[in-house]
Amino acid sequence: MNGVTGRMGTNQHLERSIVEIRNQGGIVLKSGDRLIPDPLLVGRDTKKLESLSARFGGLRYSTDLDAALSDPYNEIYFDSQLTSLRPASVRKAIAAKKSIYCEKPTATSTAEALALYHEAKASKIRNGVVQDKLWLPGLLKLKYLIDTGFFGRILSVRGEFGYWVFDGFAQAAQRPSWNYRKEDGGGIILDMFCHWRYVIESLFGDIKALSVIGATHIPERVGEKGTIYTCTAEDAAYGTFELHNGIICQFNSSWCVRVRRDDLFVMQVDGTNGSAIAGLRECWIQSDAMTPKPLWNPDIDSVINHFEMWAKMPTRDPFENAFKVQWEKFLRHIAQGDPFPWDFLAGAKGVQLAELAMQSWRERRWVDVPRLE
Ligand SMILES: NC(=O)c1ccc[n+]([C@@H]2O[C@H](COP(=O)([O-])OP(=O)(O)OC[C@H]3O[C@@H](n4cnc5c(N)ncnc54)[C@H](O)[C@@H]3O)[C@@H](O)[C@H]2O)c1
């Protein structure tokens, strides 16, 4: 597990996925065997690795990626390094014939992300990319509504993602500084549009075209070492997507917005028979029968409490951490060939949407989404 000392690597992939899977006694395969992953923590800083290892009961660790890859005991290479470092390390893992699972984006350009897919395919190695949002409880509830026809004909989708990320001057920032530097693979478009691609396409339909404007609202921030740096990457993006089936999606992504909504990410879906708002864990619905009939009159207080007209869907099944769910699927894919459609091609599609978004912004126009293969 390379990059495991980072935010995502430690919290989501190690602690809440691999360590959890080990603690539950592994995963039971069709053969009846139990698969228990034995992670090797890889990074640059021995001290950090040592303390991470100790925190989870003495896991293996190393600063030597090449040695780790040359050991046949290590069957899977996982990468959650900062994005710009990923392709070179993934290529080493391809050369070593390892199965590969990695964070999104798989690369910082479509050409490179697609090249990684073709190289992995030519080497016949199994590969996968993180698409965690698919297993968020709120989105699974939304998917239930779609699959059972709750909406009638879906008309439009509004996604609102973001929260205030402190600039580091008076209050320490809660995201890494490379996120705000283009030269280090940062920017909210590359970060979030990878997600929007699979979220939109798995729930609503294939994207035909998009129109996006980005902005660097905060020009300077204070980094991890306390020094001021110039923000060279956008910290907000406002996008509109036209789907082949006619559905219109609008997604705002921003690290410069304060939250007065149900969650850090919410998606409102409006259909002819009903509407829903999905957050990370919950989903609220309003059917045709529960839809109030507002009349525009700003001279009086609203006679309708709009929030009261929505019902919260029950949580009928226990939900697991979304990263862990996908890890288990990947491990089953490796161990017994279960289907795993979230491969490097899916990863490249995510990068492609981000790249097209930047093109739309740069050229100030709608951009079509060409088929990638
Ligand atoms: N799936 C998601 O929802 C999600 C969310 C956030 C980030 N990510 C992705 O996960 C990856 C890691 O993001 P993060 O937020 O954990 O970042 P982070 O800065 O916390 O971690 C980066 C990791 O890369 C390592 N690294 C190696 N060489 C480095 C160098 N020269 N400079 C800096 N770090 C170096 C660090 O040691 C660290 O382990 C990124 O590709 C990011 O796009 C995914």
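What this report covers is the structure whose coordinates are included nearby. (Residues numbered from 1 in each chain as written. Predicted model: local features only at pLDDT ≥ 70, side-chain atom pairs only at ≥ 80, totals over all residues. Heavy atoms only, no water.)

1. Brief notes about the site of the ligand
1) Next: Of all residues adjacent to the ligand, which total 23 residues, the nearest are Arg 7, Met 8, Thr 83, Arg 86 and Trp 178.
2) Next: Within the contact set of the ligand, an oxygen atom lies 2.8 Å away from a backbone nitrogen or oxygen of Arg 7.
3) Next: Leu 82 has a polar backbone atom sitting 3.2 Å from an oxygen atom of the ligand.
4) Next: Coverage of the ligand by the protein amounts to 83% of the 840 Å² it exposes when considered alone. (Near = heavy atom within 4 Å. Polar contact = N/O pair within 3.5 Å; in protein donor to acceptor, adjacent residues only side chain to side chain. Areas by Shrake-Rupley, 256 points an atom, 1.4 Å probe, with all protein chains shown as cover.)

2. Topic: the pattern of salt bridges
Note on pairing: side chains with opposite charge can pair once their charged atoms come close.
1) Next: All chains considered together, the criterion is met by 21 salt bridges.
2) Next: Glu 112 is the partner of Arg 91 in a salt bridge, and the nearest nitrogen-oxygen pair spans 3.0 Å. One end of the pair, Arg 91, is in helix H4 (residues 86-95); the other, Glu 112, is in helix H5 (residues 110-122), and 21 residues separate them in sequence.
3) Next: The class of Arg 91 is partly exposed, set by a relative accessible area of 29%.
4) Next: The closest approach of N and O atoms between Glu 234 and Lys 182, which form a salt bridge, is 3.5 Å. Here Glu 234 is found in the loop between strand E11 (228-230) and strand E12 (236-243), whereas its partner Lys 182 is found in the loop between strand E8 (154-162) and helix H7 (188-203), with 52 residues between them in sequence.
5) Next: Classification of Glu 234 as buried rests on a relative accessible area of 1%.
6) Next: Accessibility expressed as a relative area gives 38% for Lys 182, which makes it partly exposed. (Salt bridge = Lys/Arg side-chain N within 4 Å of Asp/Glu carboxyl O. Helix = DSSP H or I, 4+ residues; strand = E, 2+ residues; numbered from the N terminus. Buried < 20%, exposed > 50% of the residue type's maximum accessible area, 1.4 Å probe, protein only.)

3. What to know about the side chain of Glu 234
1) Next: A polar side-chain atom of Glu 234 sits 2.8 Å from the main-chain amide nitrogen of Ile 189.
2) Next: Beyond its immediate stretch of four places on either side in the chain, Glu 234 contacts Lys 182, Gly 187, Ile 188, Ile 189, Leu 190, Ala 215, Thr 216, Trp 255 and Trp 361. (Contact = heavy atoms within 4.5 Å.)

4. Concerning helix H2 (residues 46-55)
1) Next: Here H2 has its buried residues at Leu 49, Leu 52 and Ser 53. Along the axis of H2, the buried positions cluster into a sector of 100°, meaning they face one direction only. Along H2, the residues that are exposed and aim more than 90 degrees away from the buried face are Lys 47 and Ala 54.
2) Next: Among the structural elements, helix H1 (7-23), strand E3 (40-42) and strand E4 (60-62) are those in contact with the buried residues of H2. (Arc of directions from axis to C-beta.)

5. Remarks on the environment of Leu 35
1) Next: Mapped onto the fold, Leu 35 is located in strand E2 (residues 34-35).
2) Next: For the pair Leu 35 and Arg 332, spaced 297 residues apart in the sequence, the C-alpha separation amounts to 8.7 Å.
3) Next: Those residues in contact with Leu 35 that lie beyond four places of it in its chain are Gly 26, Ile 27, Leu 29, Leu 331 and Ala 335.

6. Looking at the environment of Arg 260
1) Next: As for its position among the elements, Arg 260 is in the loop between strand E13 (248-254) and strand E14 (265-271).
2) Next: Given the relative accessible area of 83%, Arg 260 is considered exposed.
3) Next: For the pair formed by Arg 260 and Tyr 163, sequence separation is 97 residues and the distance between their alpha carbons is 9.5 Å.

7. Description of unusual backbone geometry
1) Next: In this structure, Pro 105 follows Lys 104 across a cis peptide bond, with omega equal to -15°.
2) Next: Tracing the chain through its elements places Pro 105 in the loop between strand E6 (99-102) and H5.

8. Section: the sheet that holds strand E5 (residues 76-79)
1) Next: Ordered in space as E5-E6-E7, the 3 strands form an open sheet in which the pairing is parallel. For this open sheet the edge positions go to E5 and strand E7 (127-129), each flanked by a neighbour on one side alone. Neighbour-to-neighbour, the strand axes of this sheet turn through a mean angle of 10°, independent of strand direction.
2) Next: Packing against the sheet, helix H9 (residues 344-363) makes contact with E6 and E7, and its axis sits at approximately 35° to E7. (Pairing = 2+ DSSP bridges. Axes fitted to C-alpha atoms, helices over the stretch in contact; angles between N-to-C directions.)

9. Considering the packing of aromatic side chains
1) Next: In this structure the tally under the stated criterion is 17 aromatic pairs.
2) Next: For the ring pair Tyr 101 and Phe 340, a centre distance of 6.2 Å and an interplane angle of 80° mean the geometry is edge-to-face. Placement of the pair is Tyr 101 in strand E6 and Phe 340 in the loop between helix H8 (322-336) and H9, with a sequence separation of 239 residues. For the residue pair Tyr 101 and Phe 340, the accessibility class agrees, reading buried in each case.
3) Next: On the numbers, 5.9 Å between centres and 85° between planes, the contact of Phe 241 with Phe 251 is edge-to-face. Here Phe 241, found in strand E12, pairs with Phe 251, found in strand E13; they are 10 residues apart in sequence, far enough to count as distant.
4) Next: A relative accessible area of 0% means that Phe 241 is categorised as buried. (Phe/Tyr/Trp six-rings, centres within 6.5 Å; stacked < 30°, edge-to-face > 60°.)

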